[in-house]
Amino acid sequence: MLRRRGSVLPGFGLTLGFTLAYLSLLVLIPLAGLFVKSASLGGAAFFAAVSSPRALAAYRLSFGAAFAAAAVNAVFGLLVAWVLVRYRFPGRRLFDALVDLPFALPTAVAGITLTTLLAKNGWIGAQLAPLGIEVAYTPLGVAVALVFIGLPFVVRTVQPVLQDLQPDFEEAAASLGASRLLTFTRVLFPILWPALATGFALAFARGVGEYGSVVFISGNLPMRTEITPLLIITKLEQYDYAGATAVAVVMLVVSFVLMLLINLIQRWSSTHNLAT
């Protein structure tokens with residue numbers, strides 16, 4: 001008679017209980033408190049707080065810059081991952097390690113460094129100023145900072161898929177007369193798309209809530225370069241806790257809806273690829 005092997009971990013009921021308790025303490029209870037505090041404003045005051053011209057300008061900058069930076073990282077992150085996986089060259093391991101630098105570098109240090117380099121009197125900013133290009137203290141500077149902190153999310157998401165992707169697919173397509181562009185768009189990209197969408201979503205989510213690396217390079221000008229996290233901090237410093245939570249609720253809801261849409265698109269793409 002075969003004996004049933006015991007699980008290494010405790011039973012389902014106990015582990016589920018620990019999981020729910022852990023998520024409740026770290027996620028569900030704080031989020032519930034956020035909604036409860038913002039509800040104390042009442043409907044009219046809540047709408048006034050989240051739809052003020054200053055708040056709307058902060059939303060446009062935060063979500064717009066995060067989306068633009070994630071789109072840039074989706075393109076160049078795929079390119080970086082391709083080079084790291086498909087080619088062997090001197091210094092490749094060092095280059096691969098540098099991709100993770102934004103993970104290890106404190107965001108405030110990244111913000112100060114980018115501001116120093118991209119200001120009008122900085123090494124890079126001084127070269128761009130004669131061309132009429134201003135980066136620091138502009139919305140462009142915010143996008144540049146978000147590109148810097150979001151690149152590793154795309155690279156590290158796409159890289160494992162490329163490593164598992166055998167060159168047989170490309171060789172088969174080439175043997176059938178497909179061009180390089182056709183091979184990439186019709187053979188490789190459908191396989192890479194789910195991972196690329198995941199990396200885009202992660203980079204976008206990180207960019208929306210980023211504070212440390214942006215607060216220095218943005219200049220923090222209300223209605224122009226003020227990001228939403230800074231607006232929340234400003235309201236907290238003014239003891240407007242309900243107004244701060246109201247703006248945070250809008251950020252939370254919009255971010256959740258966008259992430260849900262991206263995940264649905266990613267799941268549909270994966271299912272479509274399996275079906276075909």
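Please refer to the structure placed before this passage.
First, a word on what this report is: a plain description of the structure on this page. Because the structure is predicted, anything quoted here is derived from the model rather than measured.

Before going further, it helps to spend a moment on the overall build of the protein chain. Counting secondary structure elements, the protein chain contains 13 helices and 0 strands. When the helices and strands of the protein chain are placed in sequence order, the string is α-α-α-α-α-α-α-α-α-α-α-α-α. Across its three principal axes, the protein chain shows a C-alpha extent of roughly 70 × 65 × 35 Å. For the protein chain, with 276 residues in total, the buried portion stands at 37%. For the protein chain, long-range pairs separated by at least 24 residues make up 75% of all intrachain contacts whose partners lie at least 6 apart in sequence. Summed over its atoms, the accessible surface of the protein chain is roughly 16500 Å², and 71% of this surface lies on carbon and sulfur atoms. Computed over 18 positive and 11 negative side-chain charges, the separation of the two mean positions in the protein chain equals 6 Å.

Here we take up the packing of helix α3 (residues 53–86) against helix α8 (residues 139–164). Between α3 and α8, the shortest axis-to-axis distance is 5 Å and the interhelical angle comes to 40 degrees. Between α3 and α8, the interaxial angle falls into the category oblique. Between α3 and α8 the crossing geometry is right-handed. Classifying every residue of the contact of α3 with α8 by side-chain character gives 23 nonpolar, 5 polar and no charged.

Per the counting criterion, the structure on display carries 6 salt bridges. Arg54 serves as the salt-bridge partner of Glu226, at 2.6 Å between the closest nitrogen and oxygen. Placement of the pair is Glu226 in the loop between α11 (212–218) and α12 (228–237) and Arg54 in helix α3, with a sequence separation of 172 residues. Here Glu226 falls in the buried class, since its relative accessible area comes to 3%.

Tracing the backbone through its elements, the reader meets Ser213 in helix α11. Given a relative accessible area of 0%, Ser213 falls into the buried group. A distance of 2.8 Å separates a polar atom in the side chain of Ser213 from a polar atom in the side chain of Glu210. Not counting residues within four places of it along the chain, the set of residues in contact with Ser213 comprises Thr107, Ala110, Gly111, Ala145 and Ile149.

Ranked by internal contacts, the top residues of the largest apolar core, which has 58 residues, are Tyr59, Val142, Leu146, Val158 and Leu162. Those elements that provide at least two residues to this core are α2 (43–50), α3, α6 (107–118), α8, α10 (180–209), α11, α12 and α13 (241–275). Broken down by element, this core gets its largest block of residues, 16 residues, from α3.

Let's shift gears to the packing of aromatic side chains. Enumeration according to the criterion identifies 7 aromatic pairs in this entry. Plain terms: the ring middles of Phe200 and Phe204 are 6.5 Å apart, the flat faces sit at 5 degrees to each other, and that makes the pair stacked. Taken as a pair, Phe200 and Phe204 lie in helix α10 at a separation of 4 residues, close to a single helical turn. With relative accessibility at 16%, the residue Phe200 sits in the buried group. Among the residues examined, Phe204 registers a relative accessible area of 4% and is labelled buried. When the centroid spacing of 6.2 Å and the interplanar angle of 85 degrees are considered together, the rings of Tyr239 and Tyr241 count as edge-to-face. An aromatic cluster is built from Phe63, Phe67, Phe200 and Phe204, whose rings are joined through pairwise contacts.

With that settled, consider the side chain of Thr245. Note on placement: Thr245 falls in helix α13. With a relative accessible area of 13%, Thr245 lands in the buried category. At 2.8 Å, the side chain of Thr245 forms a polar contact with the backbone oxygen of Ala242. The residues touching Thr245, leaving out its near neighbours within four places in the chain, are Leu34, Lys37 and Ser38.

What counts and how
- Residues numbered from 1 in each chain as written.
- Predicted model: local features only at pLDDT ≥ 70, side-chain atom pairs only at ≥ 80, totals over all residues.
- Heavy atoms only, no water.
- Helix = DSSP H or I, 4+ residues; strand = E, 2+ residues; numbered from the N terminus.
- Buried < 20%, exposed > 50% of the residue type's maximum accessible area, 1.4 Å probe, protein only.
- Contact = heavy atoms within 4.5 Å.
- Areas by Shrake-Rupley, 256 points an atom, 1.4 Å probe, with all protein chains shown as cover.
- Lys, Arg positive; Asp, Glu negative; His and termini not counted.
- Charge placed at Lys NZ, Arg CZ, Asp CG, Glu CD.
- Axes fitted to C-alpha atoms, helices over the stretch in contact; angles between N-to-C directions.
- Parallel < 35°, antiparallel > 145°, perpendicular 65-115°, else oblique.
- Left-handed = near helix turned anticlockwise from the far one by under 90°.
- Nonpolar A, V, L, I, M, F, W, Y, C, P; charged D, E, K, R; others polar.
- Salt bridge = Lys/Arg side-chain N within 4 Å of Asp/Glu carboxyl O.
- Polar contact = N/O pair within 3.5 Å; in protein donor to acceptor, adjacent residues only side chain to side chain.
- Core = buried A, V, L, I, M, F, W, Y, C linked by side-chain atoms within 4.5 Å.
- Phe/Tyr/Trp six-rings, centres within 6.5 Å; stacked < 30°, edge-to-face > 60°.

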